[in-house]
There are 2 protein chains.
Amino acid sequence: MPELDDTRREAYRAFLAAHSRLTTAMDKALTESGLLPLTWYDVLVTLEYQEGHQLRLSDLADKVLLSKSGLTRLVDRLVEQGYVERVACPKDRRSIYAVLTYEGQKAREDAWPTYSRLIQGLFGGQMTDGEAKLLTRVMLASACAAEAYMGRPHTIEECARAEEL
Amino acid sequence: MPELDDTRREAYRAFLAAHSRLTTAMDKALTESGLLPLTWYDVLVTLEYQEGHQLRLSDLADKVLLSKSGLTRLVDRLVEQGYVERVACPKDRRSIYAVLTYEGQKAREDAWPTYSRLIQGLFGGQMTDGEAKLLTRVMLASACAAEAYMGRPHTIEECARAEEL
DNA sequence: AACAGATAGTTGCATTTGCAAATAAATGAG
DNA sequence: CTCATTTATTTGCAAATGCAACTATCTGTT
C-alpha cells in the first residue's frame, strides 16, 4: 500500500470541511424555516421509498447511518410527533416496523422544496454531471472499504452499487 | 438554478454514507489501538503546523470545525492530559493561546502511522491522483458555498484555496 | 474621557449519540 | 425437546456538542 501523500491528505481535509459546513448550514436553514431536522427528513424519505412505507428498525438504522440505540430514540421522537408508528411484525415477534403516517408524509413533502434547493445550491451546483458520477463512485468505494474494515458483511447495498460503477 | 437531479442526489447520499462510515471506522480503530481520538489528533496536528505550535482558541475552533464552546471543553481535556497548555496572550488579554506540549507532540507522532494508514486504506487508496484533486476542488467549493450561505465572511482559507483550483 | 458595540473565552443547560447490559424471541445442534 | 447461540430492540449511563447567556476586554465615536 502506497503512503498517504499530500494530495490525498488535502482531499481528506476538504471532505471533512465540506461535510461539517454543509450539515451545519443545512440544519440551521431547515430549523429556521420551522422544517424537519436533517435526521428526521432522512428517516421519513427512507420509509417513503419502501414498499408499504415501512421498514424494520434495524434495517432503518443501517439506512440512515445511525446506531440501533440512536434509532430507537429517534423513532421515539418521530412517534411523539405522529410522523411514524411502531407496528409489530407478525412473522418475527422480535422485529418492529416503523411505518410512515400520513402526517409524516405530509411533513416530508413540505420540507422537500427547501431541502432540495439547499442540496442543489450548496452541493450539487458545485459540480458537473461527470464530476457527480465520479464523486459517487469514489465515495461509495470509500464507504465500502470502511464497512469491510469494520468486519461487516459485504452485503451492504452501497458496496454492490460501487462495483457497478 | 437547475433542479436537483438524481445523479446529484445519489452523490450526496454517497457523500454522507462515506463520511459516516469512515469516521466510525477510524474512531473505532484508533481507540482500540489506545491511540488518540480523531478530534484530539486534529487539534494536535493543527497546532503542530503553526508557528510556535500555538494558536488562539477561536482560530483553532475554526480550523478543527468546532464551535467555540465545543473547543473550550476539548482543550480542557487536552490540558488535563498534558498535551496542550493554555497561555495568555500579552497583546490582547481576551485571547488565549493553546500551545502544544512535548507530550502532545509525542502522542501525535505515535498515532501518525496508524492514522495515515487508515486514511490511505479507507479513503486515499480509492482514488487516482486526478480524482483526488477533483474531489478537493468540489469539496472546497461546497464548503465555501455553505460558508457563504451562513453569512460568514469569505475570508476563510478554504474559499481562497478553492478559487485557485 | 466615556460609552456603545464588537470580540474572546467560559459556563449552564439541553440534545443527541453510542456503548454495554438487559430483555425477549428465534434458530440450530445434539 | 432442550440448551446455547444469535438476533431485534430497548434502556441506563456517560460523553460530546451547540446555543444562549455571561464576563472581560478591546475599539471606535463623540
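Residues numbered from 1 in each chain as written. Chains lettered and ligands numbered in written order. Predicted model: local features only at pLDDT ≥ 70, side-chain atom pairs only at ≥ 80, totals over all residues. Heavy atoms only, no water.

**Some thoughts on the protein's contact with DNA strand D**
The local shell around DNA strand D holds 20 residues, among which Arg-56, Ser-58, Arg-73 and Arg-86 of chain A together with Ser-67 of chain B are the closest. Thr-72 of chain A is positioned with one of its side-chain polar atoms (N or O) 3.0 Å from a phosphate oxygen of DNA strand D. Between DNA strand D and the protein, one listed contact pairs a phosphate oxygen with a side-chain N or O atom of Ser-67 of chain B at 2.5 Å. For the surface near DNA strand D, the secondary-structure elements that each account for two or more residues are α3 (57-63) and α4 (68-80) of chain A together with α4 (68-81) of chain B. Classifying every residue of the surface near DNA strand D gives two nonpolar, eight polar and ten charged. (Near = heavy atom within 4 Å. Polar contact = N/O pair within 3.5 Å; in protein donor to acceptor, adjacent residues only side chain to side chain. Helix = DSSP H or I, 4+ residues; strand = E, 2+ residues; numbered from the N terminus. Nonpolar A, V, L, I, M, F, W, Y, C, P; charged D, E, K, R; others polar.)

**Section: the nonpolar core**
With 100 residues, the main nonpolar core has Phe-15, Phe-123 and Met-139 of chain A together with Phe-15, Phe-123 and Met-139 of chain B as its most contacted residues. Setting aside residues no more than four positions away along its own chain, Phe-123 of chain B makes contact with Arg-8, Ala-11, Tyr-12, Phe-15, Met-139 and Ser-142 of chain A together with Leu-22, Leu-118 and Leu-135 of chain B. (Core = buried A, V, L, I, M, F, W, Y, C linked by side-chain atoms within 4.5 Å. Buried < 20%, exposed > 50% of the residue type's maximum accessible area, 1.4 Å probe, protein only. Contact = heavy atoms within 4.5 Å.)

**With respect to the protein's contact with DNA strand C**
Close to DNA strand C lie 21 residues, the nearest being Ser-67 of chain A together with Arg-56, Ser-58, Arg-73 and Arg-86 of chain B. At a separation of 2.6 Å, a phosphate oxygen of DNA strand C approaches a polar side-chain atom of Ser-67 of chain A. Ser-58 of chain B has a polar side-chain atom sitting 2.3 Å from a phosphate oxygen of DNA strand C. Elements with a minimum of two residues in the surface near DNA strand C: α4 of chain A together with α3 (57-63) and α4 of chain B. Among the residues forming the surface near DNA strand C, the class breakdown is three nonpolar, eight polar and ten charged.

**So, the relation of the copies chain B and chain A**
Mapping chain B onto chain A calls for a screw motion: a turn of 180 degrees about the axis and a shift of 0.0 Å along it, with 0.1 Å RMSD after fitting. Classification of the inter-copy transformation places it as that of a two-fold axis. When the interface residues of chain B are mapped onto chain A, 100% of them are again interface residues, pointing to one common binding face. (Least-squares fit on C-alpha atoms with pLDDT ≥ 70 in both.)

**Re the interface of chain B and chain A**
Counting residues at the interface gives 68 residues for chain B and 68 residues for chain A. At the boundary of chain B with chain A, total buried surface from both sides reaches about 6700 Å², with 66% on carbon and sulfur atoms. Ranking the residues of chain B by area buried against chain A places Arg-8, Tyr-12 and Arg-21 of chain B at the top, with a combined share of 12%. Taken together, the connections running from chain B to chain A amount to eight salt bridges. Arg-8 of chain B serves as the salt-bridge partner of Asp-129 of chain A, at 3.0 Å between the closest nitrogen and oxygen. The interface formed by chain B and chain A holds 21 residue pairs in polar contact (both at pLDDT 80 or more) in total. Elements that contribute at least two residues to the side of chain B that touches chain A include exactly α1 (6-32), α2 (38-48), α3, α5 (102-122), α6 (129-149) and α7 (157-164) of chain B. In terms of residues, the side of chain B that touches chain A owes the most to one element, α1 of chain B, which gives 21 residues. A per-class count over the side of chain B that touches chain A returns 37 nonpolar, twelve polar and 19 charged. (Buried area = accessible area lost by both parts, 1.4 Å probe. Salt bridge = Lys/Arg side-chain N within 4 Å of Asp/Glu carboxyl O.)

**Observations concerning the sheet that holds strand β1 (residues 54-56) of chain A**
All names here are of chain A. An order of β1-β3-β2 is seen for the three strands of this open sheet, with the pairing classed as antiparallel. Either end of the sheet is taken by a strand with one partner, and the two such strands are β1 and β2 (84-88). Sheet twist, expressed as the mean angle between neighbouring strand axes with direction ignored, is 30 degrees. By the bridge criterion, five bridges tie β2 to strand β3 (residues 96-100) in an arrangement that is antiparallel. Residue pairing in the sheet places Val-87 in a bridge with Tyr-97 of β3. (Pairing = 2+ DSSP bridges. Axes fitted to C-alpha atoms, helices over the stretch in contact; angles between N-to-C directions.)

**Let's talk about the domain arrangement of chain A**
Per the domain assignment, the segments making up chain A are domain 1 (10-126) and domain 2 (127-165). If you average the C-alpha positions of domain 1 of chain A and of domain 2 of chain A, the two centres end up 20 Å apart. (Domains from an automatic or database assignment.)

**Re the pattern of salt bridges**
Any two side chains of opposite charge can pair, on the condition that their charged atoms come close. Enumeration over the complete set of coordinates arrives at 22 salt bridges over all chains. In this structure, Asp-59 of chain A and Arg-56 of chain A form a salt bridge, with 3.1 Å as the shortest nitrogen-oxygen distance. Residue classification places Asp-59 of chain A among the partly exposed positions, given a relative accessible area of 32%. A cluster of three or more residues bridged by salt bridges with shared partners is formed by Asp-5 and Arg-8 of chain A together with Asp-129 of chain B.

**Considering the packing of helix α6 (residues 129-149) of chain A against α5 of chain B**
In the contact formed by α6 of chain A and α5 of chain B, the axes pass within 8 Å of each other and the chain directions differ by 125 degrees. Classified by the interaxial angle, the pair formed by α6 of chain A and α5 of chain B is oblique. Listed contacts from α5 of chain B to Ser-142, Ala-145, Ala-146 and Tyr-149 of chain A of α6 of chain A are Leu-118, Gly-121 and Leu-122 of chain B. Grouping the amino acids of the contact of α6 of chain A with α5 of chain B by side-chain chemistry returns five nonpolar, two polar and no charged. (Parallel < 35°, antiparallel > 145°, perpendicular 65-115°, else oblique.)

**Quick look at α2 of chain B**
Of all eleven residues that make up α2 of chain B, ten are buried, and the element is covered over most of its length. For α2 of chain B, the full list of buried residues reads Leu-38, Trp-40, Tyr-41, Asp-42, Val-43, Leu-44, Val-45, Thr-46, Leu-47 and Glu-48 of chain B.

**Topic: the sheet that holds strand β3 (residues 96-100) of chain B**
Residue and element names in this part refer to chain B. Taken together, three strands build an open sheet; the order of strands is β1-β3-β2 and the sheet is antiparallel. The sheet is open, and its two edges are formed by β1 (54-56) and β2 (84-88), each paired on a single side. Each strand of the sheet is rotated relative to its neighbour by a mean of 30 degrees, with strand direction disregarded. Here α2 sits on the sheet and contacts β1, β2 and β3; the angle it forms with β3, its principal contact strand, is near 95 degrees.

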